[in-house]
Amino acid sequence: MFGKLDGTMEEMSKKVDNIPFISFIDSCLRGIAEVFIANNPVTGFFVLVAMYVADFWLGVASTVGVVVATATAHLMGFDRGQIRIGLFGFNGFLVGAATPIFMAGTEMNQLMYIIVFSAFSTIIMKAMVRIMEPFGLGAFTLPFNITTLIFLFGALSYGHATVGPLINPALPIAVDAVDTVTFLGSDFIVNAVFRGIGQLVFADSIISGILVFAGLFVTSRIMAFWAVVGSAIGMITGILLGVDQNAIYAGLWGYNAYITAIAIGGIFFILNVKTALYAVFATICSQLLAGAMVTFMAPWGMPVLTLPFCFAAILFISVGRTSNWLIPVNCSLTTPEEHISWCKLEFPKNGPSVGSVNH
Amino acid sequence: MFGKLDGTMEEMSKKVDNIPFISFIDSCLRGIAEVFIANNPVTGFFVLVAMYVADFWLGVASTVGVVVATATAHLMGFDRGQIRIGLFGFNGFLVGAATPIFMAGTEMNQLMYIIVFSAFSTIIMKAMVRIMEPFGLGAFTLPFNITTLIFLFGALSYGHATVGPLINPALPIAVDAVDTVTFLGSDFIVNAVFRGIGQLVFADSIISGILVFAGLFVTSRIMAFWAVVGSAIGMITGILLGVDQNAIYAGLWGYNAYITAIAIGGIFFILNVKTALYAVFATICSQLLAGAMVTFMAPWGMPVLTLPFCFAAILFISVGRTSNWLIPVNCSLTTPEEHISWCKLEFPKNGPSVGSVNH
Amino acid sequence: MFGKLDGTMEEMSKKVDNIPFISFIDSCLRGIAEVFIANNPVTGFFVLVAMYVADFWLGVASTVGVVVATATAHLMGFDRGQIRIGLFGFNGFLVGAATPIFMAGTEMNQLMYIIVFSAFSTIIMKAMVRIMEPFGLGAFTLPFNITTLIFLFGALSYGHATVGPLINPALPIAVDAVDTVTFLGSDFIVNAVFRGIGQLVFADSIISGILVFAGLFVTSRIMAFWAVVGSAIGMITGILLGVDQNAIYAGLWGYNAYITAIAIGGIFFILNVKTALYAVFATICSQLLAGAMVTFMAPWGMPVLTLPFCFAAILFISVGRTSNWLIPVNCSLTTPEEHISWCKLEFPKNGPSVGSVNH
């Protein structure tokens, strides 16, 4: 639909490959897009704009994160092909973005930690890729989660770091029953769904959510579809379970949901009706995991970040591959549309038999 | 001893295999028996009766659990052979049984959660089987533990679910020294041992414990023996460590112990004197794990469920297989008696050399 | 430098191999040295002296631990070669040493637990070796950490065990900013570095630290170098992060640091300038992990033991092996000096290509 901007922009990637500075920027922008399991620098650029729109310092912090993490991978001599598609950038980007959200203190102080922990995230990424390999899985955003939690847990005992008001250790207490209907309205839905889309990268604003949506739309219309539908499913699950409506309103029940929907509904499986149903079930379950993890993290007052997505993705991808329902795709670095057209080309009549689509 | 009811009742299994409704019921009953690592519908029926005897709603809840979990496996198109021996039923059965114990609120409310989480347990079972495969191990009741903890942790933050009084988050505090002798008596021992046998399926009554014992007796006299002896070892361990005597009295120091004794003492190793000694050591260690996990779960007020058994079984089976003491059996789905007689048949004089008994 | 005492003392090992009592003592002393990834009975003897110097009962407790753990391995029929190099002793040694530090109560009471849990540590060691094998890694001191935490978590709920004042469950609270400069001085540095060296085996005294340093010097000058430098890096990291200065003063920011430095800087990689830089980065990161784990353990009031080292070692060894910077050594049971001279012998000009040094 968007011609050369569409899909993974392989042509452009090859063109800039020999220009060090430009290819580094391309790697970083692709790294930002990899948060959404997309490999497209234009998508990355849209997301980056969304960050600066939400908050200028959030934009700077996440930019530093992705640059340091990508540079560390170069410095360590890691595989250039993996660096070029952004595999070592996205965790650093998220470490950088998480810092102004959960930490207080001067910007210079935060910056020092962003540099150290973004570099650290690249090391953890490399190790996680190795650990997940025998299971035929990627690392998802686990390295970001692990690195950020090492930072935030540690920060509570560092005199030279100041945690923000969101970090608030307390024993969990049972939540009282809530009235689900009264607070539902179009304002609530727009906030829950679109701030939810932005929340995956800590860009807590409706406009940022729309920018992220637009960025995804460039790479893949299917991914953009799941962004809205997945975030809405998360919101509905939260309402049905009766969780804190302020959290739903702020989009906190949307972000893990929609990235799970994207992963299952087109990236790791070829999209068809059965895949869509499975993706909806996976999305609901990602929110059950989120609810459990909120309680688990309470004694340290820590955020669940994107751990619910990581666990749900690992679970439902592993299981889906063994089911004779679904057509798995083992290479996850292209778009749902390309997966579908490839599948039609190879198996023009009845579709492939299970397990045969490994390119 | 019981003729056709004895062992795994393979004949009956084949007979009903083509009658959809009956074979489904057979799968569910075998699923109930699989909690005890037994594959026998009569054992399952005894256990089911024990549930209704302990508490009618407990019986209903666990029945719904096993039915939904088994049906989900059919719906997902999982391996029919595995469904038929009950592999996808037992986790749902336990999820269903745990719900009335730890949750309050209306029965309809509990029912909704039982349906969702029993279905979820089947997904988690499938994933766990895959994770454990490279280690040559099964999933034990890990999927039940994981699913139930996702539910109970989450329930604390759901406005539309009410946790019961057993869920009581508090920081752990050191227990004072207790007098071990005064509370020992025949009433204490009968309660600790037989309620302990029932507690594995949350059937907290002496009669239920006896019914479970009877059910195990049908499948295997050795398993029934370990049920009593293992539960007693757990009780003694608890007394020696000086843990809360009310917990011991209620059988809470018996249930992880005896299922560990059954697993090590005949199912995963061919029973002989050395195996028996090893099973006793494993049983004691399962209770050391239980004591540690009680403290670990305190900040969330969560139960340890059968995690101590799972960890002890994984540990002692893995290690036992590398020892030249013990004769491992790699297929775990038949009875201790059959393992012994098979071993005598194949190695009439001196028994097999280590590692050779993999059928 | 020390002739026959140098390195792994293979000659002596062979000489005593057929004398049961002497070879058992040799196994135990090598087990003590294995805490430092050294395989040398003289080093073990120095460390043992350091224990008795720090505190007599600490010496007895750790001696009982190493003897019981090694004897259990014999009793279980585990691989004699592994027993002889001390692989089943070091975890029991540390379990024994940890007991007087964290537990109160009579010595007889502590002794009973040391015997049970030292034996248990051997079982857990065997299982951990198997779990780590597919990743090409050893178990490090993970079995000690797991066993001791099972003991200490459990002890809070045992009426017949008394935890000491160091076990103090409380929700984590954010630490205030500290003035880093005022408390720095030579007294501070000597305490932080040398008590840090002793703290790895819970020998909290400067003299013990010097004795451990001397013991390491016998096996390897490079290991002794990293002991001091690594402990100092840990201290500096703690000061920069602004953590509790009493903890730094007591050496608690040194012990995980220097053992990480030893592991990365010569044992698992051939030492050169790049390896040294990588070891320094790994050492800093081990302390970031330590800071995080201190917070994580707060709700149960539990110590982090050597978990930060274990995680840092697993992480940086796994990643280092995939980098084209570093020359990995797959056999970890000899000294850094031998690794270097072996490397020079085999690849006299340019050093080996990556991944080729597996002997």
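Whatever comes next refers back to the structure up there.
Bear in mind that the values here come from a model prediction, so they are computed numbers and not experimental data.

### A word on the overall build of chain A
- Each helix and strand in chain A was counted, giving 16 helices and 2 strands.
- Relative to the 2.2 N^0.38 estimate, which gives 21 Å for 359 residues, the radius of gyration of chain A is 20 Å and therefore close to what a compact globule would have.
- Taken along the three principal axes of its C-alpha coordinates, chain A extends 60 × 50 × 35 Å.
- Evaluated residue by residue, chain A yields a buried proportion of 60% over its 359 residues.
- Here the analysis covers contacts within chain A between residues at least 6 apart in sequence; of these, 71% occur between residues at least 24 apart.

### Remarks on helix H15 (residues 307-322) of chain B
- Along its 16 residues, H15(B) runs 23 Å from first to last C-alpha, staying within 8% of the 22 Å computed at 1.5 Å per residue.
- Along H15(B), 13 of the 16 residues are buried, which leaves the element largely enclosed by surrounding structure.

### What about the nonpolar core?
- In this structure, Ile262(A), Ile262(B) and Ile262(C) are the most contacted members of the largest nonpolar core, which totals 405 residues.
- With sequence-adjacent residues up to four places away left out, Ile262(B) is seen in contact with Phe36(B), Ile37(B), Met223(B), Trp226(B), Ala227(B), Gly230(B) and Ile267(B).

### Some thoughts on the interface of chain C and chain B
- Contacts between chain C and chain B engage 23 residues on the former and 28 residues on the latter.
- Looking at the side of chain C that touches chain B, the elements with two or more residues in it are helix H7 (107-132) and helix H8 (142-155) of chain C.
- Element by element, the count of residues in the side of chain C that touches chain B is highest for H7(C), at 6 residues.
- Partitioned by chemical class, the residues of the side of chain C that touches chain B number 16 nonpolar, 5 polar and 2 charged.

### What about the interface of chain B and chain A?
- Listed by partner, the interface residues are 22 residues for chain B and 28 residues for chain A.
- Breaking the side of chain B that touches chain A down by element, the ones donating at least two residues are helix H7 (107-132) and helix H8 (142-155) of chain B.
- Among the elements that make up the side of chain B that touches chain A, the one with the highest residue count is H7(B) (6 residues).
- Counted by class, the side of chain B that touches chain A contains 15 nonpolar, 5 polar and 2 charged residues.

### Describing the relation of the copies chain C and chain B
- Each copy superposes on the other: chain C lies on chain B with an RMSD of 0.0 Å after a rotation of 120 degrees and an axial shift of 0.0 Å. The superposition operator between the copies reduces to a three-fold rotation axis. Across chain C, the rotation axis passes nearest the C-alpha of Pro299(C), at a separation of 4.0 Å.
- The fraction of interface residues of chain C whose copies in chain B are also interface residues is only 9%, indicating that the copies meet through different surfaces.

### What about the relation of the copies chain B and chain A?
- For the match of chain B to chain A, the screw axis carries a shift of 0.0 Å, the RMSD comes to 0.0 Å, and the turn is 120 degrees.
- Here only 9% of the interface residues in chain B have copies in chain A that are interface residues too; the copies meet through unlike faces.

Procedures and definitions
Residues numbered from 1 in each chain as written. Chains lettered and ligands numbered in written order. Predicted model: local features only at pLDDT ≥ 70, side-chain atom pairs only at ≥ 80, totals over all residues. Helix = DSSP H or I, 4+ residues; strand = E, 2+ residues; numbered from the N terminus. Rg over C-alpha atoms; globule rule 2.2 N^0.38 Å. Buried ≥ 20, exposed ≤ 12 C-beta atoms within 10 Å, placed from the backbone. Contact = placed C-beta atoms within 7 Å. Expected span 1.5 Å × (residues − 1). Core = buried A, V, L, I, M, F, W, Y, C linked by C-beta atoms within 7 Å. Nonpolar A, V, L, I, M, F, W, Y, C, P; charged D, E, K, R; others polar. Least-squares fit on C-alpha atoms with pLDDT ≥ 70 in both.

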